[in-house]
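Listed here are the chains, written in short residue letters.
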Amino acid sequence: MSISEVPKAPLRGEVIHEGRRHPFEVLGARRSALEVRFTNGTLPVDRMEVEGAEVTLIADPIAIGRCRVEGHRGVGDVAMAHIIPTETPLRCDDLYKRRLVVRLDQGFDQTALLQRRKAEIRPEFRAYTADLVYDLAIYRQLFDEIDASLANEKPETAALVRDSVRAKQGRAFLRFFDERLAQLETMVAGFTRAEHERHGFYFRRNVWGNILTSAFLARTNIRPRGYAGDSMMMQQLYDNSYQGDSLFGQLMHKHPIETAAAQAVRNRRKLLVDLIEAAYRDRPDPSRALRILSVACGPAWEVRDLFTRAEDAARFSCTLLDQDEEALGEAEHHIHLVGTRLEAPVQAKYLRDSVRTMLMSKDIVAQFGKHDFIYSMGLFDYLTAPVARSVLTRLYELLEPGGRMVIGNFHVENPTRTYMEYWMDWVLLYRHEDDFQALGRELPGATFEIYREETRSQMFLDVRKPRG
Amino acid sequence: MTNRTLSLDVDPVWESIDRVRRENEVFLRTHQIPQPSIEALSMVTCELMENAVKYGFFEGDVKTIQSRCSVESDSVVLEVRSPVKPGDDAAMARLDHMIQWIRGYQDPFQAYLMRLREVSSQAMGTSESGLGLVRIAYEGQSVLDFFVDSGSVLNISALHAVEGAR
């Protein structure tokens, strides 16, 4: 995890070398090195390990041991250097950004704790996992052999051969994967929540090498932006193609994006466009554009799909809300491109906020405006009932009379649930129809409809506010 | 029919933590919640209440902490409401980040390990370890969530699935 906290005061320190103190200020950090400026203008040593020296952080003195100082001259002949702790390698970026002294090898302290955990794993599950790892290794080696044999081949020829392998042996591998997944589902069907957690953890430790071969599985597990379902994952789901450097990796990538849940994500994108078009036809005020609010919008591909002709720019006005700046930036960039292509700028507003804190707004309507169509996909799957109820109530306040709100949530019957939890480390809060509708029980005058898309994984709560 | 929600309104003092814990325990027992769940939820109650007493801002209109314990068909939801300093967006953003991070793992043990590493590191001038929240997820077997309402009251909740329910 990385919690980015901007340092409040400069971080300073001293290198002690041959009895003399050399003060420095930390300007930045890489994972294992501090970027410093020596404030007395001279380097204590250059490109050598400082035997017996120590670096002391003045604000709260902490010796970080012997270091190597690698100097370089900055602008205006300033004495700059990288300080690399060598006696005890440290996570220097955490030291700089979070004021935490974290040893790079700190995880080794937990070895015994981790090893003890396997005692809580059921023997039949261990056997299943061991067999699976073995079988995956067999497939991996076979596909790797084909990759190796194509290493010096013309790219066009290699691509043709890979297509053929993917179509035959690749498909057979995907079926093998399906079968093993079905066994996993049967095996864990009666587990308690705590057992799911323990076994999932054990499982991922064992198949980690396989997870890393898949661009999609690696991303769901590592979550570089701090959450699952980021815009890159959405793009991978929408692309639904073979990605990766190796045949095995490509297949391991393709398998999870062919699941019912992945298809549900693709289905809802299309469904949203249809729903917005329907809302346009039925709009309360035909004299103006339909005002749309997307909450937790992500890259908002469905909004791009909405604008296909120049006149669409005048039909819709969008407000996009997300906590992820990167996702908002992507949405803005692509929607701008759509406007350029259509030679008609799209009316769009981009708001960065978290739904959990947006509720504190005293005048939410002044802040976010009123809308004819509000939707949110991939958000309520993470909100517990008290939060979901509260969010829904505030969003309803933002709905114009006669407006419509559509909220997505994965259904408890999502057939990809075990796959998501065990392989992807991706846990959602699933709901039944009754739980979902109960969230809106207190919305004044609202009428509800609940339906699912084709795969029946994704459920929608369709809320209508009475006119006038 | 027995009331399935216990609501308490208490002063922001240390003694309130134990009072809420005891009353929740009795309430949960009345509803035949299994003992391991009662123990887990007692710990969760203490952690949430302690945070409310420690970090609540009681200089505004709201002077008390509200606790709510609701027994649902397959789960128990604990909610603790306490006022936060208006405009302290950074603290709420940190809480948001921390809760999303904890919930990012299928097994909270993983978050617990990561957090332990950091707590055992030497922190410079930091007072919030975040370990209490991780314990709620790991030892308390509960899903954390929160929101802040328009009166600057933080509502933090823990959803505990009763054994057998996924």
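Bringing the overall build of chain A into the picture now. Helix and strand counts for chain A stand at 17 helices and 15 strands. Projecting the C-alpha coordinates of chain A onto the three principal axes gives extents of approximately 80 × 55 × 50 Å. The buried share of chain A, reckoned over its 468 residues, is 54%. Within chain A, contacts between residues separated by at least 24 positions form 67% of all contacts whose residues are at least 6 apart in sequence.

Attention now moves to the pairing of strand 5 (residues 142-148) of chain B. Residue and element names in this part refer to chain B. Burial of strand 5 is extensive: seven of the seven residues sit out of reach of the surface. Where burial is concerned, the two faces of strand 5 agree: the one with S142, L144, F146 and V148 and the one with V143, D145 and F147 are both buried. As defined by bridge partners, strand 5 adjoins strand 6 (residues 153-161) across seven bridges and the pair is classed as antiparallel. Bridging across to strand 6, D145 finds its partner in S157. Connecting strand 5 to the next strand, strand 6, in antiparallel fashion are four residues, including S152 with a positive phi near 60°.

A contiguous patch of negative charge on the surface is contributed by D434 and D435 of chain A together with E72 and D74 of chain B. When you line up the elements, E72 of chain B lands in the loop between strand 2 (65-71) and strand 3 (75-83).

Before going further, it helps to spend a moment on the domain arrangement of chain A. Residues and elements named next belong to chain A. Segmentation of chain A into domains returns domain 1 (11-104), domain 2 (114-227) and domain 3 (261-464). Taking only C-alpha atoms, the centre of domain 2 and the centre of domain 3 are 33 Å apart. Across the boundary between the two partners, domain 2 contributes 25 residues, which contact 13 residues of domain 3. Together, the buried faces of domain 2 and domain 3 total about 1,600 Å²; carbon and sulfur atoms form 58% of this surface. Applying the counting criterion to the domain 2 and domain 3 interface returns five salt bridges.

Time to look at unusual backbone geometry. Even without a glycine there, the phi angle at A300 of chain A is positive, about 55°. With relative accessibility at 1%, the residue A300 of chain A sits in the buried group. Residue Q32 of chain B is not a glycine yet carries a positive backbone phi of 55°. Assignment of secondary structure puts Q32 of chain B in the loop between helix 1 (14-30) and helix 2 (35-55).

On the side of chain B, 49 residues touch chain A, which itself brings 55 residues to the contact. Here chain A packs against chain B, burying approximately 4,800 Å² in sum over the two surfaces, 52% of which is carbon and sulfur. Taken together, the links from chain A to chain B amount to three salt bridges. A salt bridge links R356 of chain A to D145 of chain B, with the shortest nitrogen-to-oxygen separation between them at 2.5 Å. The tally of links between chain A and chain B comes to 19 residue pairs in polar contact (both at pLDDT 80 or more). Of all the secondary-structure elements, those providing two or more residues to the side of chain A that touches chain B are helix 1 (92-98), strand 8 (100-101), helix 2 (111-117), helix 5 (193-211), helix 13 (355-358), helix 15 (385-397) and helix 16 (417-422) of chain A. The element that contributes the greatest number of residues to the side of chain A that touches chain B is helix 5 of chain A, accounting for nine residues. Among the residues forming the side of chain A that touches chain B, the class breakdown is 23 nonpolar, 14 polar and 18 charged.

If you look at the biggest cluster of nonpolar residues, it comprises 50 residues, and the most contacted ones within it are L28, M92, I102 and I156 of chain B. It is helix 2 of chain B that provides the largest number of residues to this core, a total of eight residues. Here I102 of chain B is in contact with A111, L133, V134, A137 and L144 of chain B, once residues within four sequence places are set aside. Counting residues in each nonpolar core, the second largest holds 45 residues, with I211, L251, W423 and L428 of chain A among its members.

Residues and elements named next belong to chain A. Bridging between strand 1 (residues 11-17) and strand 2 (residues 20-29) involves seven bridges; their strand directions are antiparallel. By the bridge assignment, R12 is partnered in strand 2 with E25. Counting the residues that bridge the hairpin from strand 1 to strand 2 gives two residues, and of these E18 lies at a positive phi of roughly 50°. Across five bridges, strand 2 lies against strand 3 (residues 34-38) in antiparallel orientation. Residue A29 lies in a different strand from strand 3, and its bridge partner there is L34. Hairpin connection between strand 2 and strand 3: a loop of four residues separates the two successive antiparallel strands.

Right, let's talk about the sheet that holds strand 5 of chain B for a bit. All names here are of chain B. With respect to topology, five strands assemble into an open sheet ordered 1-2-3-6-5, the strand pairing being antiparallel. Both outer strands of the open sheet, strand 1 (5-10) and strand 5, are each paired with one neighbouring strand and no more. Across the sheet, the mean angle separating the axes of adjacent strands is 15° when strand polarity is ignored. Both strand 3 and strand 6 contribute to a ladder of nine bridges, which runs antiparallel. Its bridge partner being in strand 6, S75 is matched across the sheet by A161.

The next subject is the packing of helix 3 (residues 123-149) of chain A against helix 5 of chain A. All names here are of chain A. The geometry of helix 3 relative to helix 5 is characterised by a closest axis approach of 10 Å and an angle of 15° between their N-to-C directions. Looking at the two axes, helix 3 sits roughly parallel to helix 5. Seen along the crossing, helix 3 lies across helix 5 with a hand that is right-handed. On the side of helix 3, the interface is formed by F125, R126, Y128, T129, L132, V133, L136 and R140, while helix 5 contributes H199, Y202, F203, N206, V207, G209 and N210. Looking at the contact of helix 3 with helix 5 residue by residue, the class counts come to eight nonpolar, five polar and two charged.

Residue and element names in this part refer to chain A. Inspection of the entire model under this criterion finds 55 salt bridges over all chains. For E277, the salt bridge identified is with R315, shortest N-O distance 2.8 Å. Here the residue E277 occupies a position in helix 9 (residues 260-281), and R315 occupies one in helix 11 (residues 312-315), the gap between them amounting to 38 residues. Comparing E277 with R315, the two get one shared label, buried. Across the pair E413 and R452 runs a salt bridge whose closest N-O atoms are separated by 3.1 Å. Residue E413 is located in the loop between strand 13 (399-410) and helix 16, and its partner R452 is located in strand 14 (residues 447-452); the two are separated by 39 residues in the primary sequence. Look at E413 and you get exposed, because its relative accessible area is 51%. When salt bridges that share partners are traced, they join E277, R309, E311, D312 and R315 into one network.

One pass over the structure, following the stated rule, counts 27 aromatic pairs over all chains. Ring centres 5.5 Å apart and planes at 55° place the aromatic pair F173 of chain A and F248 of chain A in the tilted group. One end of the pair, F173 of chain A, is in helix 4 (residues 155-188); the other, F248 of chain A, is in helix 8 (residues 247-254), and 75 residues separate them in sequence. A relative accessible area of 0% means that F173 of chain A is categorised as buried. With a centroid separation of 6.5 Å and an interplanar angle of 40°, the aromatic rings of F216 of chain A and W426 of chain A are classed as tilted. In this pair, F216 of chain A sits in helix 6 (residues 215-222) while W426 of chain A sits in the loop between helix 16 and helix 17 (433-438), placing the two residues 210 residues apart along the sequence. This pair shows no difference in class: F216 of chain A is buried, exactly as W426 of chain A is. Of note, R117 of chain A hangs over the ring of F109 of chain B, and the distance from its end group to the ring centre comes to 3.8 Å. It is R166 of chain A that lies over the ring of Y242 of chain A; its NZ or CZ is 4.7 Å from the centre.

What counts and what doesn't
- Residues numbered from 1 in each chain as written.
- Chains lettered and ligands numbered in written order.
- Predicted model: local features only at pLDDT ≥ 70, side-chain atom pairs only at ≥ 80, totals over all residues.
- Heavy atoms only, no water.
- Helix = DSSP H or I, 4+ residues; strand = E, 2+ residues; numbered from the N terminus.
- Buried < 20%, exposed > 50% of the residue type's maximum accessible area, 1.4 Å probe, protein only.
- Contact = heavy atoms within 4.5 Å.
- Pairing = 2+ DSSP bridges.
- Patch = residues over 30% accessible without salt bridge, like charges linked within 9 Å, V, L, I, M, F, W, Y side chains within 5 Å.
- Areas by Shrake-Rupley, 256 points an atom, 1.4 Å probe, with all protein chains shown as cover.
- Salt bridge = Lys/Arg side-chain N within 4 Å of Asp/Glu carboxyl O.
- Lys, Arg positive; Asp, Glu negative; His and termini not counted.
- Charge placed at Lys NZ, Arg CZ, Asp CG, Glu CD.
- Domains from an automatic or database assignment.
- Buried area = accessible area lost by both parts, 1.4 Å probe.
- Polar contact = N/O pair within 3.5 Å; in protein donor to acceptor, adjacent residues only side chain to side chain.
- Nonpolar A, V, L, I, M, F, W, Y, C, P; charged D, E, K, R; others polar.
- Core = buried A, V, L, I, M, F, W, Y, C linked by side-chain atoms within 4.5 Å.
- Axes fitted to C-alpha atoms, helices over the stretch in contact; angles between N-to-C directions.
- Parallel < 35°, antiparallel > 145°, perpendicular 65-115°, else oblique.
- Left-handed = near helix turned anticlockwise from the far one by under 90°.
- Phe/Tyr/Trp six-rings, centres within 6.5 Å; stacked < 30°, edge-to-face > 60°.
- Lys NZ or Arg CZ within 6 Å of the ring centre and 35° of its normal.

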